[in-house]
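Next come the chains, spelled out residue by residue.
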Amino acid sequence: MVLSVVKYGDPVLRQRGAPIAKLDDALRRLVADMFDTMYSAKGIGLAAQQVGQAVQLAVLDLRGVKDRPSQLWLQGHPADVDAFMPLVLINPVIRPVGDAHEGPEGCLSFPEIYGEIVRPSEVEVSALNERGESFEFRAGGLLSRAIQHEVDHLNGLLFIDRMSTSVRNEVRDEVDQLQAETKKSLGRSRR
Ligand code: ZN
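Residues numbered from 1 in each chain as written. Predicted model: local features only at pLDDT ≥ 70, side-chain atom pairs only at ≥ 80, totals over all residues. Heavy atoms only, no water.

Trainee: Before we move on, can you summarise the pattern of salt bridges with the specific residues and values?
Mentor: All chains considered together, the criterion is met by 11 salt bridges. With a shortest N-O distance of 3.1 Å, Arg 28 and Asp 25 are connected by a salt bridge. Note that Arg 28 and Asp 25 are positioned in helix α1 (residues 25-40) at a spacing of 3 residues, about one turn of the helix. Among the residues examined, Asp 25 registers a relative accessible area of 52% and is labelled exposed. For the salt bridge of Glu 124 with Arg 138, the shortest nitrogen-to-oxygen distance reads 3.0 Å. Of this pair, Glu 124 sits in strand β6 (residues 110-128) while Arg 138 sits in strand β7 (residues 134-140); the two residues are 14 residues apart in sequence, bridging distant segments of the chain. Assessed through its relative accessible area of 26%, Glu 124 is described here as partly exposed. Take Arg 138: its relative accessible area is 27%, and that puts it in the partly exposed class. Residues participating in the shared-partner salt-bridge network are Glu 105, Arg 119, Arg 145, Asp 152 and Arg 162. (Salt bridge = Lys/Arg side-chain N within 4 Å of Asp/Glu carboxyl O. Helix = DSSP H or I, 4+ residues; strand = E, 2+ residues; numbered from the N terminus. Buried < 20%, exposed > 50% of the residue type's maximum accessible area, 1.4 Å probe, protein only.)

Next comes the structure, spelled out in structure tokens:
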């Protein structure tokens, strides 16, 4: 089921996600709905906060991206990124490694807003999958960037927080307008 994507201005995007303690049918349904929602919105990653749930769950699928490379290492060996998709991260813990790199980012909660963001180029990840099994890997390139973006969401952080002052100033008006529209529509739906 496609859920509606929460836009900037909704307070749930600022909530830190609670760790997931039980992998039950409700969680499996949420994972399936998040994939439906992400594919429908043509996104490559989605955090639970973006569908209104402050829990430690994100989904990713980079198979549609051909122009920005990703790297993956499993037990220290290079592995096929496409074969690793779709990717479910439950209670992920990341450790950034490698040099900082600048790259463009967008976010489904900020339609039409893009900016250059500096992030470490690689990241070591440990998480649970949807069967509750723990797994570890190292990611580079776009996969690393996308995972860091989603894990930020799980901690209530947004890509605008990571923008340099000059990039933030470039998108300030659009972001302020989006926030005002979201707050207005939240006010209407509460009435
Ligand atoms: Zn996002």
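Trainee: Help me get a handle on a negative patch on the surface, residues and values and all.
Mentor: Taken together, the side chains of Glu 112, Asp 173, Glu 174 and Asp 176 present a region of like negative charge at the surface. Element by element, the count of residues in the negative patch is highest for helix α3 (residues 165-190), at 3 residues. Checked against the element boundaries, Asp 173 lands in helix α3. (Patch = residues over 30% accessible without salt bridge, like charges linked within 9 Å, V, L, I, M, F, W, Y side chains within 5 Å. Areas by Shrake-Rupley, 256 points an atom, 1.4 Å probe, with all protein chains shown as cover. Lys, Arg positive; Asp, Glu negative; His and termini not counted. Charge placed at Lys NZ, Arg CZ, Asp CG, Glu CD.)

Trainee: Give me the nonpolar core: which residues, what numbers.
Mentor: Of all hydrophobic cores here, the largest spans 19 residues; its most connected members are Leu 60, Leu 87, Leu 89, Phe 135, Phe 137, Leu 143 and Ile 147. Going through the elements one at a time, β5 (87-107), β6, β7 and α2 (141-154) are the ones with two or more residues in this core. A total of 5 residues in this core trace back to one element, the largest contributor, which is α2. What Ile 147 contacts, discounting residues up to four positions off in sequence, is Leu 60, Leu 87, Leu 89, Ile 94, Val 125, Phe 137 and Ala 139. Counting 17 residues, the second-largest nonpolar core is a separate cluster that includes Ile 113, Ile 117, Phe 159 and Val 175. (Core = buried A, V, L, I, M, F, W, Y, C linked by side-chain atoms within 4.5 Å. Contact = heavy atoms within 4.5 Å.)

Trainee: Before we move on, can you summarise the coordination of the zinc ion with the specific residues and values?
Mentor: Coordination of the zinc ion by the protein is provided by Cys 107 (SG), His 149 (NE2) and His 153 (NE2), with metal-donor distances spanning 2.1 to 2.2 Å. When the donors of the zinc ion are listed by position in the chain, the intervening gaps give C-x41-H-x3-H. Taken as a pair, Cys 107 in strand β5 and His 149 in helix α2 lie far apart in primary sequence, 42 residues in all. A single burial state applies to Cys 107 and to His 149, both of which are buried. (Donors = N, O, S within 2.8 Å, 3.2 Å for Na, K, Ca; no water.)

Trainee: Tell me about the sheet that holds strand β2 (residues 57-60), and please be specific about residues and values.
Mentor: Pairing is antiparallel in the open sheet, where 7 strands are placed in the order β1-β2-β5-β6-β7-β3-β4. Lying at the two open borders of the sheet, with one neighbouring strand each, are β1 (45-47) and β4 (77-78). In this structure, β5 lies alongside β6, joined through 13 bridges in antiparallel fashion. Counted as the bridge partner of Ile 90 is Leu 128 from β6. Contacts between α2 and the sheet are confined to β1, β2, β3 (70-74), β5, β6 and β7, with β5 contributing the most and set at about 120° to the helix. (Pairing = 2+ DSSP bridges. Axes fitted to C-alpha atoms, helices over the stretch in contact; angles between N-to-C directions.)

Trainee: Lay out the pairing of β6 with the relevant residues and their values.
Mentor: Connecting β5 to the next strand, β6, in antiparallel fashion are 2 residues. Relative to β7, β6 runs antiparallel, the two being bridged by 7 bridges. Each residue of the ladder has a partner; that of Val 125, found in β7, is Phe 137. A loop of 5 residues connects β6 with β7, the two strands running antiparallel in sequence, and Gly 132 in this loop sits at a positive phi of about 85°.

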